[in-house]
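Examining the three-dimensional arrangement
Below, each chain spelled out in residue letters.
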There are 2 protein chains.
Amino acid sequence: MNILENLNWRYATKKMNGTAVPQEKVDIILEAARLAPSSSGLQPFEIIVISNKELLEKIKPVANNQTQITDCSHLLVFAAWDTYTEERINEVFKRHSNERNMPESASDAYRMMLIGAYPNRPAEGNYQHAAKQAYISLGIAMAAAAELKVDATPMEGFNYPALDELLGLKEKGLRTAVILPLGYRDESDWLLNLKKVRTPKEKFITEIK
Amino acid sequence: MNILENLNWRYATKKMNGTAVPQEKVDIILEAARLAPSSSGLQPFEIIVISNKELLEKIKPVANNQTQITDCSHLLVFAAWDTYTEERINEVFKRHSNERNMPESASDAYRMMLIGAYPNRPAEGNYQHAAKQAYISLGIAMAAAAELKVDATPMEGFNYPALDELLGLKEKGLRTAVILPLGYRDESDWLLNLKKVRTPKEKFITEIK
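Residues numbered from 1 in each chain as written. Chains lettered and ligands numbered in written order. Predicted model: local features only at pLDDT ≥ 70, side-chain atom pairs only at ≥ 80, totals over all residues. Heavy atoms only, no water.

1. Here we look at the overall build of chain A
- Helix and strand counts for chain A come out as nine helices and five strands.
- Mapped from its N terminus to its C terminus, chain A presents α and β elements in the order α-α-β-α-α-β-α-α-α-β-α-β-α-β.
- For chain A, the spread of C-alpha atoms along the three principal axes comes to 60 × 50 × 30 Å.
- When each of the 209 residues of chain A is scored for burial, the buried share is 55%. (Helix = DSSP H or I, 4+ residues; strand = E, 2+ residues; numbered from the N terminus. Buried < 20%, exposed > 50% of the residue type's maximum accessible area, 1.4 Å probe, protein only.)

What follows is the structure in structure tokens.
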């Protein structure tokens, strides 16, 4: 199957059937998410993978009681950095230098440029920028899930501060960006047989040749 | 090739060799971008595809003279809605109702909820939300490009207002969210043989079982 067939197969599953996604498929989806590119390679987010049923039951009311929260087998929480700090930027650059066997000085100018620019900006804007990087990863994770015929439902319809609180994210300097339940569609899902509708090509795309 | 092999193959190509990406591959990448899911299905962005050499030459200085702007064959500009309006929301819902042969009244409650919430928020926050949806599409477009062995370099390093001005986006109620040159890597690209570095799994992923 190619990516267009996979993307046409997928849809935002509202009713999942409770079947568990095998761990090896979850691992592939997470690895795809990890390999996603990000601005300056900073990867300013983490993923919390929740399969604990009690915790999912607690999250459900925070997410407007949407049933895919408890009928999925794994809930991916994309948690973005609450801001950029010098320490966080330094850690990434140190890792790059180490793994590439290059002197840290080789990337000093770029590192110092980021440190001069990012940590001094308001935290809210930095979080928004970090969240966008998480959305790239979200897109790639959904492409991976579709390739594996795993259903995945991107969700913003939840109480962000309440979920952050439930997961203790503030203490980790993180804020939820978006969540993605993984599972399998229930055949009775009302959305399943609805036509996929998108902006028509002629409106979505403008070519300047 | 599966998605992990494709993602490991890709990298943020800095030096492209000028070879043109065949139109049928560009079309697949654009179709993948169009099929990307978005919040409430609103798809609050468009894509401008620039292959005009003169225009690319004008964009290059606006993008810190990065050479992939002129050595790519197609530059994808993801342009997000500058805000959500009642008209824009109504147009999407009307399209959905028409294409699904459902009465418009069936989705009225949801439509009215969005109209009550979105257009009244500050435009900047709405643009940021729209831009995030464009980033999902960006991620999926990059997965499609990698499947086709087309190089794609996500870029934020440019003067946003200047690019908006060059493309006349303001008049269309759009603002650039991110850009993506498509082309082919030059074998002399200094980044080509550098190890891909990502946050280690144990730091990137937290499992709550």
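Following the structure, the description resumes.
2. Structural notes on the sheet that holds strand 3 (residues 151–152) of chain B
- What the five strands build is an open sheet, ordered 5(A)-1(B)-2(B)-4(B)-3(B); its pairing is mixed. Only two strands of the sheet have a single partner each, and these edge strands are strand 5 (205–208) of chain A together with strand 3 of chain B.
- Strand direction decides the pairing type here: strand 2 (residues 74–81) of chain B and strand 4 (residues 174–183) of chain B, joined by eight bridges, are antiparallel. Following the sheet pairing, Phe 78 of chain B is matched in strand 4 of chain B by Val 178 of chain B. (Pairing = 2+ DSSP bridges.)

3. Points about the packing of helix 5 (residues 86–99) of chain B against helix 6 (residues 108–117) of chain B
Residue and element names in this part refer to chain B.
- One way to put it is that helix 5 packs onto helix 6 with a least axis distance of 10 Å and a crossing angle of 160°. Considered as vectors, helix 5 and helix 6 are oriented roughly antiparallel to each other. For the element pair helix 5 and helix 6, the recorded crossing hand is right-handed. Contact residues: helix 5 offers Glu 86, Ile 89, Asn 90 and Phe 93, while helix 6 offers Tyr 110, Arg 111, Leu 114 and Ile 115.
- Class assignment of the residues belonging to the contact of helix 5 with helix 6 gives a composition of five nonpolar, one polar and two charged. (Axes fitted to C-alpha atoms, helices over the stretch in contact; angles between N-to-C directions. Parallel < 35°, antiparallel > 145°, perpendicular 65-115°, else oblique. Left-handed = near helix turned anticlockwise from the far one by under 90°. Contact = heavy atoms within 4.5 Å. Nonpolar A, V, L, I, M, F, W, Y, C, P; charged D, E, K, R; others polar.)

4. A word on helix 6 of chain B
Residues and elements named next belong to chain B.
- Turning to helix 6, its buried residues are Arg 111, Leu 114 and Ile 115. With its buried residues spanning 100° around the axis, helix 6 presents them on a single face.
- Those residues of helix 6 hidden inside the fold are in contact with helix 5. (Arc of directions from axis to C-beta.)

5. With respect to the nonpolar core
- Core analysis: the largest hydrophobic core is formed by 138 residues, its most contacted members being Phe 78 of chain A together with Phe 78 of chain B.
- The contacts of Phe 78 of chain B, once residues within four sequence positions are left out, are Phe 45, Glu 46, Ile 47, Ala 134, Ser 137, Leu 138, Ala 141, Arg 175, Thr 176, Ala 177, Val 178 and Leu 180 of chain B. (Core = buried A, V, L, I, M, F, W, Y, C linked by side-chain atoms within 4.5 Å.)

6. Concerning the interface of chain B and chain A
- Facing 64 residues of chain B, the contacting portion of chain A comprises 65 residues.
- Summed over both partners, the interface of chain B with chain A comes to about 6,600 Å²; 60% of that surface belongs to carbon and sulfur atoms.
- Notably, a salt bridge pairs Lys 195 of chain A with Glu 99 of chain B, separated by 2.7 Å at the nearest N-O pair.
- The interface formed by chain B and chain A holds 38 residue pairs in polar contact (both at pLDDT 80 or more) in total.
- For the side of chain B that touches chain A, the secondary-structure elements that each account for two or more residues are helix 1 (3–9), helix 2 (23–35), strand 1 (45–50), helix 5, helix 7 (123–147), helix 9 (201–204) and strand 5 (205–208) of chain B. (Buried area = accessible area lost by both parts, 1.4 Å probe. Salt bridge = Lys/Arg side-chain N within 4 Å of Asp/Glu carboxyl O. Polar contact = N/O pair within 3.5 Å; in protein donor to acceptor, adjacent residues only side chain to side chain.)

7. Observations concerning the packing of aromatic side chains
All names here are of chain A.
- The tally for this structure, following the rule as stated, stands at ten aromatic pairs over all chains.
- With a centroid separation of 6.0 Å and 50° between ring planes, the pair formed by Phe 93 and Tyr 110 is classed as tilted. Residue Phe 93 is found in helix 5 (residues 86–99), and its partner Tyr 110 is found in helix 6 (residues 108–117); the two are separated by 17 residues along the sequence.
- Ring plane angle 20° and centroid distance 4.1 Å describe the contact between Phe 158 and Tyr 160, whose orientation is recorded as stacked.
- Relative accessible area serves as the criterion here: at 24%, Tyr 160 is assigned to the partly exposed category.
- Put simply, the rings of Trp 81, Tyr 84 and Tyr 118 touch in pairs and so form one group of aromatic residues.
- Just above the ring of Tyr 127 sits the side chain of Arg 175; from NZ or CZ to the centre is 3.7 Å. (Phe/Tyr/Trp six-rings, centres within 6.5 Å; stacked < 30°, edge-to-face > 60°. Lys NZ or Arg CZ within 6 Å of the ring centre and 35° of its normal.)

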